[in-house]
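# Survey of secondary and tertiary structure
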Amino acid sequence: MRIGSGFDVHALGPGDFVMLGGIRVAHSRGVVAHSDGDVVLHALCDALLGAAGLGDIGQHFGDTDPRWRGADSSVFVTQVLALLRDRRLAVANVDVTVLAQAPKIATHRDAMRRRIAQLLEVAAERVNIKATTTEGLGFLGRAEGIAAQAVVLLTEP
Ligand code: MG
(Lines give C-alpha, C1' and ligand atoms only; values in the text may rest on other atoms or scores of the structure.)
Protein backbone atom coordinates (compact mmCIF):
# COMPACT_ATOMS: atom_id res chain seq x y z
CA MET A 1 0.00 0.00 0.00
CA ARG A 2 1.10 3.55 -0.67
CA ILE A 3 -0.19 6.73 0.96
CA GLY A 4 -0.13 10.24 -0.48
CA SER A 5 -1.22 13.70 0.59
CA GLY A 6 -2.07 16.81 -1.35
CA PHE A 7 -2.84 20.43 -0.55
CA ASP A 8 -3.95 23.28 -2.77
CA VAL A 9 -5.01 26.91 -2.41
CA HIS A 10 -6.44 29.38 -4.87
CA ALA A 11 -7.23 33.03 -4.37
CA LEU A 12 -10.81 34.17 -4.68
CA GLY A 13 -11.60 36.98 -7.11
CA PRO A 14 -14.36 38.22 -9.35
CA GLY A 15 -16.91 35.64 -10.45
CA ASP A 16 -20.08 33.87 -9.44
CA PHE A 17 -19.05 30.25 -8.99
CA VAL A 18 -16.22 28.01 -7.83
CA MET A 19 -15.41 24.50 -9.04
CA LEU A 20 -15.07 22.05 -6.15
CA GLY A 21 -14.55 18.37 -6.73
CA GLY A 22 -15.72 18.74 -10.30
CA ILE A 23 -18.97 20.38 -9.21
CA ARG A 24 -19.92 23.95 -10.11
CA VAL A 25 -20.88 25.66 -6.85
CA ALA A 26 -22.61 29.03 -7.02
CA HIS A 27 -20.77 31.65 -4.96
CA SER A 28 -20.47 35.40 -4.62
CA ARG A 29 -16.87 35.16 -5.88
CA GLY A 30 -14.83 33.14 -8.36
CA VAL A 31 -11.37 31.61 -8.29
CA VAL A 32 -8.20 33.17 -9.70
CA ALA A 33 -6.41 30.35 -11.53
CA HIS A 34 -4.79 29.24 -14.78
CA SER A 35 -7.06 26.19 -14.99
CA ASP A 36 -10.59 26.07 -13.56
CA GLY A 37 -8.99 26.40 -10.10
CA ASP A 38 -10.64 23.35 -8.58
CA VAL A 39 -8.68 23.08 -5.31
CA VAL A 40 -10.27 19.73 -4.46
CA LEU A 41 -9.22 18.06 -7.70
CA HIS A 42 -5.78 19.68 -7.57
CA ALA A 43 -5.19 18.43 -4.02
CA LEU A 44 -6.50 15.03 -5.11
CA CYS A 45 -4.08 14.88 -8.07
CA ASP A 46 -1.17 15.78 -5.79
CA ALA A 47 -2.17 13.08 -3.32
CA LEU A 48 -2.43 10.48 -6.10
CA LEU A 49 0.89 11.54 -7.63
CA GLY A 50 2.52 11.62 -4.21
CA ALA A 51 1.37 8.12 -3.36
CA ALA A 52 2.70 6.87 -6.69
CA GLY A 53 6.04 8.67 -6.27
CA LEU A 54 5.36 10.72 -9.38
CA GLY A 55 6.07 14.25 -8.18
CA ASP A 56 3.38 16.90 -8.20
CA ILE A 57 0.67 18.39 -10.35
CA GLY A 58 2.84 21.33 -11.45
CA GLN A 59 5.37 18.96 -13.02
CA HIS A 60 2.67 17.24 -15.06
CA PHE A 61 0.33 20.16 -15.85
CA GLY A 62 2.31 23.40 -15.70
CA ASP A 63 0.39 26.52 -14.73
CA THR A 64 1.94 28.50 -17.58
CA ASP A 65 1.18 25.86 -20.23
CA PRO A 66 -1.40 27.26 -22.67
CA ARG A 67 -2.92 23.76 -23.00
CA TRP A 68 -4.25 24.04 -19.44
CA ARG A 69 -5.64 27.58 -19.61
CA GLY A 70 -9.17 27.36 -18.27
CA ALA A 71 -8.81 23.56 -18.24
CA ASP A 72 -11.45 21.36 -16.66
CA SER A 73 -9.44 19.85 -13.79
CA SER A 74 -11.20 16.52 -14.22
CA VAL A 75 -8.84 16.06 -17.19
CA PHE A 76 -5.91 16.15 -14.76
CA VAL A 77 -7.48 13.47 -12.58
CA THR A 78 -8.16 11.25 -15.59
CA GLN A 79 -4.59 11.61 -16.82
CA VAL A 80 -3.14 10.94 -13.36
CA LEU A 81 -5.34 7.85 -13.06
CA ALA A 82 -3.87 6.58 -16.34
CA LEU A 83 -0.36 6.98 -14.89
CA LEU A 84 -1.43 4.94 -11.87
CA ARG A 85 -2.95 2.27 -14.09
CA ASP A 86 0.33 1.98 -16.01
CA ARG A 87 1.93 1.11 -12.69
CA ARG A 88 -0.93 -1.21 -11.69
CA LEU A 89 -1.81 1.01 -8.75
CA ALA A 90 -5.45 1.10 -7.62
CA VAL A 91 -7.26 3.62 -5.42
CA ALA A 92 -8.30 2.12 -2.07
CA ASN A 93 -9.81 5.29 -0.64
CA VAL A 94 -9.70 9.06 -0.76
CA ASP A 95 -10.35 11.51 2.08
CA VAL A 96 -10.74 15.19 1.21
CA THR A 97 -11.08 18.25 3.44
CA VAL A 98 -12.30 21.53 1.98
CA LEU A 99 -11.09 24.56 3.97
CA ALA A 100 -13.24 27.59 3.32
CA GLN A 101 -15.31 30.15 5.15
CA ALA A 102 -17.77 30.05 2.26
CA PRO A 103 -19.46 28.62 0.26
CA LYS A 104 -21.01 25.95 2.45
CA ILE A 105 -20.45 22.60 0.82
CA ALA A 106 -23.03 20.52 2.73
CA THR A 107 -25.53 20.59 -0.12
CA HIS A 108 -22.82 19.71 -2.68
CA ARG A 109 -21.05 17.02 -0.72
CA ASP A 110 -22.82 14.03 -2.24
CA ALA A 111 -22.43 15.33 -5.78
CA MET A 112 -18.72 15.92 -5.20
CA ARG A 113 -18.34 12.46 -3.78
CA ARG A 114 -20.09 10.85 -6.72
CA ARG A 115 -18.14 12.89 -9.26
CA ILE A 116 -14.76 12.09 -7.73
CA ALA A 117 -15.68 8.40 -7.49
CA GLN A 118 -16.72 8.49 -11.15
CA LEU A 119 -13.43 10.12 -12.18
CA LEU A 120 -11.43 7.56 -10.19
CA GLU A 121 -13.67 4.68 -11.33
CA VAL A 122 -14.28 3.52 -7.78
CA ALA A 123 -17.41 3.11 -5.65
CA ALA A 124 -18.62 6.29 -3.92
CA GLU A 125 -18.07 4.78 -0.47
CA ARG A 126 -14.33 4.89 -1.18
CA VAL A 127 -14.49 8.69 -1.32
CA ASN A 128 -15.08 10.94 1.69
CA ILE A 129 -15.59 14.70 1.62
CA LYS A 130 -15.24 16.82 4.72
CA ALA A 131 -15.37 20.56 5.16
CA THR A 132 -14.25 23.01 7.77
CA THR A 133 -13.99 26.73 8.21
CA THR A 134 -11.01 28.31 9.96
CA GLU A 135 -13.32 30.06 12.44
CA GLY A 136 -12.77 33.32 10.61
CA LEU A 137 -8.99 33.18 11.06
CA GLY A 138 -6.37 33.89 8.42
CA PHE A 139 -6.70 34.27 4.66
CA LEU A 140 -9.27 31.47 4.50
CA GLY A 141 -11.30 33.04 7.26
CA ARG A 142 -11.22 36.40 5.50
CA ALA A 143 -12.46 34.60 2.37
CA GLU A 144 -9.42 35.71 0.38
CA GLY A 145 -8.95 32.15 -0.80
CA ILE A 146 -10.15 28.60 -0.70
CA ALA A 147 -8.14 25.47 0.06
CA ALA A 148 -8.38 21.70 0.05
CA GLN A 149 -6.41 18.84 1.47
CA ALA A 150 -6.53 15.25 0.24
CA VAL A 151 -5.17 11.95 1.46
CA VAL A 152 -5.28 8.82 -0.67
CA LEU A 153 -4.33 5.20 -0.19
CA LEU A 154 -3.28 3.17 -3.20
CA THR A 155 -2.97 -0.58 -3.37
CA GLU A 156 -0.34 -2.30 -5.46
CA PRO A 157 -0.39 -5.82 -6.77
MG1 MG B 1 -4.29 24.55 -7.95
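The structure reproduced in this document is the subject of the present report.

About the thresholds
Residues numbered from 1 in each chain as written. Predicted model: local features only at pLDDT ≥ 70, side-chain atom pairs only at ≥ 80, totals over all residues. Heavy atoms only, no water. Donors = N, O, S within 2.8 Å, 3.2 Å for Na, K, Ca; no water. Buried < 20%, exposed > 50% of the residue type's maximum accessible area, 1.4 Å probe, protein only. Core = buried A, V, L, I, M, F, W, Y, C linked by side-chain atoms within 4.5 Å. Helix = DSSP H or I, 4+ residues; strand = E, 2+ residues; numbered from the N terminus. Contact = heavy atoms within 4.5 Å. 1 Å grid on protein atoms, 1.4 Å probe; cavity = no way out; pocket = protein on both sides within 12 Å on 5 of 7 lines; lining within 4 Å. Points joined across faces, edges and corners; volume = space filled by probe spheres on them.

### Some thoughts on the coordination of the magnesium ion
- Those donors, Asp 8 (OD), His 10 (NE2) and His 42 (ND1), are the protein atoms that reach the magnesium ion, and they lie 2.2 to 2.3 Å from it.
- On the basis of relative accessible area, His 42 is assigned to the buried category, the value being 6%.

### Here we look at the nonpolar core
- One finds Leu 20, Leu 44, Leu 48, Val 91, Leu 120 and Leu 154 to be the most contacted residues of the largest nonpolar core, which totals 47 residues.
- Those elements giving two or more residues to this core turn out to be β2 (17-20), β3 (23-26), α1 (39-52), α3 (74-86), β5 (90-99), α4 (109-120), β6 (127-132) and β7 (145-155).
- Ranked by residue count, the leading element in this core is α1, at eleven residues.
- Sequence-distant contacts of Leu 20, that is, excluding residues within four places in its chain, are made with Val 25, Asp 38, Val 39, Val 40, Pro 103, Ile 105, Met 112 and Ile 146.

### Section: the layout of surface pockets
- Quantified by volume, the largest pocket comes out at close to 220 Å³.
- Residue lining of the largest pocket: 15 residues in total, with His 10, His 42, Ile 57, Phe 61 and Asp 63 positioned closest to the centre.
- Elements that contribute at least two residues to the lining of the largest pocket include exactly β1 (2-13), α1 and α2 (57-60).
- Ranked by the residues each element gives to the lining of the largest pocket, the list is headed by β1, at three residues.

Treat this as a map of the structure, not an account of what it does.
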